[in-house]
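Each chain, letter by letter, is given below.
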Amino acid sequence: MVDVIVFAVGAVVVMGGAIGVVLNPNPVRAALSLVASFFGVAVLFVLQEAHFLAFIQVVVYAGAIVVLFLFVIMLLGVDSSDDLSVQPLVGQRLAGVGVGIAVLVLLLAGLFMSGPGGEKGTVAFTGAQSSTAAISSDHPDVNQLAVDLFTRNVLAFQATALLLTIATVGAVVMVKERGATPKATIEQDETN
Amino acid sequence: MVEAAWLIPTLPLAGFIFLVLFGRKLGEPGAGWVATLASAGAFVATLVTFGGLLSVEGPERFHVQTLFTWIQSGSFSVDAGLLIDPLSITMSLFITGVGTLIHLYSIGYMHGDAGFARFFAYLNLFITSMLILVLGDNLLLTFLGWEGVGACSYLLISFWFTDPANATAGKKAFVTNRVGDFGFMLAMFVIFSELSSIRYTDIITRSGEIGTTAATVAVALFLLAAAGKSAQLPLFVWLPDAMAGPTPVSALIHAATMVTSGVFLLTRLNPVLAQAETWSLGLVAWVGALTALFAATIAVAQTDIKRVLAYSTVSQLGYLFLAVGVGGYVAAIFHMVTHAFFKALLFLGSGSVIHGLNDEQDMRRMGGLYKLMPVTGFTFIVGWLAIAGVPPFAGFWSKDEILLYAWNADGIGGKGLWAVGLVTALLTAFYMTRQVILTFFGRSRFHDVTAPELDEALENIAAANRQAVIDAEAARDKAVVAAEKASGDLVKRNEALDKAKSKVEAATVDVARSDDADEGHAKLVKALDRATQAVTKASDALVKANNAVDAAKELVVEANAAVEQAQRDADNSGNAINVTVPHYVTAVTAAPDVAEVEQHLPASYRERKEYHPHESPWTMTVPLIILAAAAALGGVLNLPFNHDLHFLGNWLAPSLFGHEAELTASAGTKWLLAVVAITVGGVAIAAAFNLYVKGRGKPASVEKRILADAWKVDQSYASFFGGPGRALFNLASAFDRKVVDGAVRVSASAVNIAGRAMKSTQPGFVRSYAWLVALGTAAVLVWFLGRLLA
Amino acid sequence: MEVTQTWYLVLSAMLFSVGLVGLLIRNNPLVMFMCVELMLNASNLSFVAFSGVYNDIAGQTAVFFVLVVAAAEVVVGLSIVVALMRIRPAATADDLTALKG
C-alpha cells in the first residue's frame, strides 16, 4: 500500500514537472520544473531498489545538468519569455501535439498487445530471466552494478570516459573567444 | 658432385654484387680479373657437375636440385630449382667456357675505358641470368633468366650511352625483345592451364595430357618468343643495331649465348613440340630457313665488319630453327655449340682488328692486315673455314647434319628447306670469304684517302681560290683609286702651271710699263724673275704628274690581269687536280697519289697517316687461339660416320625422350649431300676470290643498294608505326579518353544534377526536421505493432 | 493493489510523449534541450523497469551509460548554444535556417 502511495506521489511530481517544462513560457521556471521532474524520477528509482541510480540521478541530473542550464540561461540573458502563440508554420503546433499523442497511443498499444502466450490486457514480457547478471537482494545494488560495469562492459566504460574528455575539450574550444589574448589584457591593465 | 650445381649461377652473381659495391675502387684491371675469376669459377663448377653426371648411367642423368620455395600461393607453387641434365649442362659448359674467354679478352679490349668496372659487373650479371635461364627447372625461372639477359643486353648495348645512337639501339633491342616476351608469357599461361604446373619435370612426364590445339598454340607462341630473342623474322631488326655495343658484348651475347636461348627453349620443350600439329613445326622450320636466306643476302652487301657478322649470326640462328623444326634437336645443339665457337672467334677477331686499327670498322679501309696482325689473321681464317663449311672444321659437320635432317623431313617441304639451306650456305661462304679478303689480304687501304676526305680537300682548295679572286679584286680597286688620284693631281698641276704663266705675263707687262721709275722697277724685275722660276717649277711638277699618271695606269692594267688570272684559276681548280679514290676492290694495286692536295686534307687523314696498325695484347690473342682450336676440332663432338662417334647425340638422348626425328636416308644419300654441300661452298669461295682478288667483274653487281639497306625492313617498320600505327594508337587513346572516362564522368554529373534538383526541397527549418523524425518514429512503431499482431 | 512494472512503463511512455510534444512546440533552444532531457529520463525509467522484470543488472548499467552520455551531450550542446547566442543574441530555433536548400 505504501508503495502505491509513493508511486502516485512520484508519478504526479514527474508528470507535473514535465508539463511545467513544456508549458512554462519563462525558461527559468521551466528549468525549475525540470528539477522537480528529476526528483520525482529519483523517487521512483528508489522505489525499484535502484538506490545508486537514484543517487546519481540527483547528483548528476538535478545537481549538475540543470545547474548548467540555469548558468547558461542567466549568462546569456535569455530569461525573457518567448511567445507561445507565434507559429511560423500554420498548424505546426497542432501537428506537433498530434504526433506526440500518436506516439503515446502507439507505445501504449504496443505495450498492451499480447504477444504469443499472453492474455490481452497484460504486458507480455517475453524475454528470459538473466542468469549471469541476476540481481540478488543480498548484495547492495552498487556492488552488483560495479561488477557488471567493470567486467562485462569495461570497454564501453573506457569509451564513455574518452567521450567525456572529448566533450569537455570540444566545449572549451567552442566557447573560446577569438582574437583577445590574455597577455594583451594584462599589459593593458599594467599600463592602466 | 652434381650437388655443386648451385654454385654455377651463384658465383657470377657474387661477382656482380662485389663489383657493384667495390668495382670502382678496384679499377683496372682488378675488376676485370675478379669478373673473369667468377666466370672461371662457374666453369669449374660446371665441369664438376658434368663429372657428376658422367658418373651415372644415361637415363638417370636427370637431377633436380631445389634451392628454396620461391612462390607459394594457394595451390600454385614455384620452386627455385635447378634441372641438371645433359642439355642444361651442355649449354652451361659453353656459356661459362666461352664466357670466361670473353671476360679475359675484355680486359684487354676495354683498357682505358671509363666504365671498366661497370662493364664487368654487367657481364657477370649477364652470365648469371643466362645460367638461370638454362638451369632453371621451371618455365618461370627460365623466364626470369630470359628477362635478365634481355635487360643485360640493353645495358651492354647502350654501354656508351652518351652517344644517343647507342642508347637508341639498346632501346630498340629491348622493345623488340619485349614483343617476344609477350609470346612467352602467353605460352606459359597455356601450359599452366593445361597441366596446372610449369615445372619441366611435370611437362615432360605429363606431356600427353596437353591437347593438340593447346600444344600448337603454345608452340606458335614460344616460336614468337624465340623469334624475338634469337632475332628471326620479323623481329630480327635489333641485332644489327646491337653492334653499337662493345665487341666482346657482341661476341658473348649476340653470337654465343643470349641469342641461342630461343633454340634452347624449343629444345627443352621438345615433348610439347611432339604434341603439336605438324604444321606448327613446319612453321618453325620455314621461319628459320627464310630468315637464314634473308639475312645471308643482306650480309653480302655490308661494309661494316661487325654488321656482316651480325647478319651472319641471324642467318646461322635460322639454321638452328630449321633444325628444330625438322626434328633434328641434336643437330641444332651441335650447330649451336660449334657456332658459339666460331662466331665468338670471328667477333673477337674483328674486335681485335678494330682495336688494332684504332676503332676503324669499315672494311673498305682495311686490307693487308695479315702481315701486321698474324695471330688475329690466322685465327680469323680458322673461323672463316669453320663457318664456310669446309671440312674438317667444325662448322662443316654441324651444318651438314642440319641439311641432312632437312632433306629427311617430310610433310613440311623438306626438300625445299634443304634447297634454301643450301643457297644460304653458298651465300655464307661467299660473304665470309669476301670479309676475309677485304680485311686481311690485298693492298692495305688503311692509309688511303677516303672520298669524303678528298671532297673536303677540294672544297678547301676551291675556297682558297675564291679568296684569291677576292684579294685580287681588292688590289685592283686600290690601283684604280690610285690612278684616279694621280689624274686629279695632273689636272691640278696643269692649273698651277697656267696660273704661274699668267703671273709671268702680268709681271712682264708691269716691267715693260714701269721702265723709268727706278724704285719700283727693280722690284718688278725681281717679281718677274720669281714668276719665271715659278713657271719652271710648275712645269717640272707637271712632268712628274704626267709620269705618275702613266705609272698608275700601268698598275691598273696589271691588277686587271691579276684578277682575270685568279678567276681562271678558280674556274679550273676542280679540273686541274688529278686525284681519284679507287674502288676498294683489292685488285687495284697502287695507292692514290695525293701530293697535289696533301696540305688541304683534313686532320683525320693526318692522324691516320701517323697510326700504325698493330697486333693486340696477349689477353686478347690467347682467347682467340683457344677458340680457334675449338672451332677447328669441334667437329669431333658428333661425327656422323659411326653411331659410337655420335658423342653429343648419345649424350643428349636423355633430354630428348626419343623425339629426335628418324633418319631414313641411306649412307649413299648422306655422302651425296655432303659432296654437294662441299662443292657449293667451294664454288662460292672461288667466286668471291675471283671478284675481290682477281678483280674480274664488278662488285657493285653483287652488293646491291637494297641489300645494304637490309631490304628496307627498318624503314618500313618506321613508316608503319609512324603512319598507320600511330593512327591506331591515337584512336585507341581517344577511345579510352572519351568513351571510358566519359562514362565515368557522365555518372558523376548525373549525381550532381540529381542533387541540385533535390536541394530546393530543404526548408532549413529545424523544428520541421524534428517533427519529421518524430513522424518517422511513429511509423516505426506502427510497423512494430504490425509485426506483433501478425 | 500492487505496483507492477507495467505502471512504470506506462509512466515512462507518457513522460516520453510529453517531452516529444515539448520539443516540437517550443522554439527557445534551451527549453528544447530540456525536453530532450525529459525524453532521456523516460527511457531511463523504462530501463530500470525492465531491469526489474528480467532481474538483470544490465538495465541499470544502461542507465548509467545513458546518464553519462546525456551529461556529455548537454555540455557540448550548451556550448554550441552559447556560441550561437554570442553571434545572434535572442535567436530562437526558427531563426537557425542555415540548412535551407
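Residues numbered from 1 in each chain as written. Chains lettered and ligands numbered in written order. Predicted model: local features only at pLDDT ≥ 70, side-chain atom pairs only at ≥ 80, totals over all residues. Heavy atoms only, no water.

A closer look at the interface of chain B and chain C
Tallying the contact residues gives twelve residues for chain B and 14 residues for chain C. A combined buried area of about 1000 Å² lies between chain B and chain C, and 64% of that area is made up of carbon and sulfur atoms. A per-residue breakdown of the area chain B buries against chain C is headed by Gly-764, Val-766 and Arg-767 of chain B, which together make up 47% of the total. Remark: the boundary between chain B and chain C carries zero residue pairs in polar contact (both at pLDDT 80 or more). A class-by-class count of the residues in the side of chain B that touches chain C yields seven nonpolar, three polar and two charged. (Contact = heavy atoms within 4.5 Å. Buried area = accessible area lost by both parts, 1.4 Å probe. Polar contact = N/O pair within 3.5 Å; in protein donor to acceptor, adjacent residues only side chain to side chain. Nonpolar A, V, L, I, M, F, W, Y, C, P; charged D, E, K, R; others polar.)

Overview of the pairing of strand β2 (residues 76-84) of chain B
All names here are of chain B. The buried fraction of β2 amounts to seven of the nine residues, a majority that puts the element mostly inside the structure. Sheet topology note: the strand β1 (residues 63-73)/β2 ladder contains nine bridges and is antiparallel. Among the inter-strand pairings, Ile-71 is bridged to a residue of β2, identified as Val-78. Between β1 and β2, which pair antiparallel in sequence order, lie two residues; one of them, Gly-74, sits at a positive phi of approximately 65°. (Buried < 20%, exposed > 50% of the residue type's maximum accessible area, 1.4 Å probe, protein only. Helix = DSSP H or I, 4+ residues; strand = E, 2+ residues; numbered from the N terminus. Pairing = 2+ DSSP bridges.)

Points about the side chain of Gln-48 of chain A
You can see Gln-48 of chain A is positioned in the loop between α2 (27-47) and α3 (51-76). With relative accessibility at 14%, the residue Gln-48 of chain A sits in the buried group. Setting aside anything within four residues of it in sequence, one finds Gln-48 of chain A in contact with Gln-5, Tyr-8, Leu-45, Val-48 and Ala-49 of chain C.

Some words on the side chain of Gln-232 of chain B
Residues and elements named next belong to chain B. Mapped onto the fold, Gln-232 is located in the loop between α8 (212-229) and α9 (238-241). Here the side chain of Gln-232 touches Ser-230 through a polar contact of 3.1 Å, landing on its backbone oxygen. When sequence neighbours within four positions are dropped, the list of residues in contact with Gln-232 reads Ala-227, Val-287, Gly-288, Thr-291, Val-314, Leu-317, Gly-318 and Phe-321.

Quick notes on the nonpolar core
Residue and element names in this part refer to chain B. Grouped together as the largest cluster of nonpolar side chains are 197 residues, with contacts concentrated most on Leu-139, Phe-184, Ile-191, Phe-222, Val-272 and Leu-322. The dominant element in this core, judged by the number of residues it contributes, is helix α15 (residues 329-356), at 18 residues. Look past the residues within four positions of Val-272 in its chain and what remains in contact with it is Ile-191, Ile-203, Ile-210, Ala-215, Ala-218 and Val-219. (Core = buried A, V, L, I, M, F, W, Y, C linked by side-chain atoms within 4.5 Å.)

Overview of a positive patch on the surface
Residue and element names in this part refer to chain B. Residues Lys-485, Lys-492, Arg-493 and Lys-544 make up a contiguous surface patch of positive charge. Among the elements that line the positive patch, the one with the most residues is helix α19 (residues 451-513), at three residues. Mapped onto the elements, Lys-492 comes out in helix α19. (Patch = residues over 30% accessible without salt bridge, like charges linked within 9 Å, V, L, I, M, F, W, Y side chains within 5 Å. Areas by Shrake-Rupley, 256 points an atom, 1.4 Å probe, with all protein chains shown as cover. Salt bridge = Lys/Arg side-chain N within 4 Å of Asp/Glu carboxyl O. Lys, Arg positive; Asp, Glu negative; His and termini not counted. Charge placed at Lys NZ, Arg CZ, Asp CG, Glu CD.)

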